[in-house]
Amino acid sequence: MIDIMRRRLFALILAPLALVPLSGCGYSLAGRGSALPTHIKTIGVPLFTNATSVFDVEQALTSRVRLEFIGRGRYKVVSEGSGTDAVLKGDITGISIRPTAFDSNQQASRYEITVVVKVEFRDVVNDKVLYENPAQTFKEEYEVTTSQSASPDPQAFLGQNSNALERLSVDFAKTVVSAVLEAF
């Protein structure tokens, strides 16, 4: 009986000690990590190029990507590519919109917007590409209220539905910055 009690006491003491090495196992808050080299302190995010007919979408996407990097709190973010440790360049190559749901009058009530961007994140100091995606595709669905005029033309839809462009820009920026910083 005493032998069993000693074993239990021994197990109670050793179990917490066995967990001590695991306490530094690398858990961190999602979206806050960074796989970037430590010398990268300043990131340039020049205005994305826009090969689509959608006016000013490059302004919205670039601005939100800059704000997302700033929100991570570790980097100085500038709007030019020179004099930086790293540069993120984006080329918007496509934007499409398609209806995904219809109301009782057969009018589109929900649309899916697809944005395709060529993204490259380059370590300028070492002249090395750290992340690239030649066709970073971002899809999001947006509800159209009855007061909004829906159009299958991306320029018209995003022009009339500025909240859709804002949501798209915010979500896109989070996706791109997470991919760059967390090396996905």
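For the structure, check the block above.
No experiment lies behind these values; they were computed from the predicted model shown. (Residues numbered from 1 in each chain as written. Predicted model: local features only at pLDDT ≥ 70, side-chain atom pairs only at ≥ 80, totals over all residues. Heavy atoms only, no water.)

**Details of the overall build of the protein chain**
Of the regular secondary structure elements, the protein chain holds 4 helices and 6 strands. Listing every helix and strand of the protein chain by position from the N terminus yields α-β-β-α-β-β-β-β-α-α. With 184 residues in all, the protein chain has 35% of them scored as buried. Within the protein chain, contacts between residues separated by at least 24 positions form 68% of all contacts whose residues are at least 6 apart in sequence. (Helix = DSSP H or I, 4+ residues; strand = E, 2+ residues; numbered from the N terminus. Buried < 20%, exposed > 50% of the residue type's maximum accessible area, 1.4 Å probe, protein only. Contact = heavy atoms within 4.5 Å.)

**Regarding unusual backbone geometry**
Most peptide bonds take the trans form, and the phi angle of most residues other than glycine is negative. Despite not being glycine, Gln106 has its phi angle at roughly 60°, a positive value. Topologically, Gln106 is positioned in the loop between β4 (86-102) and β5 (108-123). Classification of Gln106 as exposed rests on a relative accessible area of 59%. The phi dihedral of Asp127 is positive, around 50°, even though this residue is not glycine. Along the chain, Asp127 falls in the loop between β5 and β6 (128-143).

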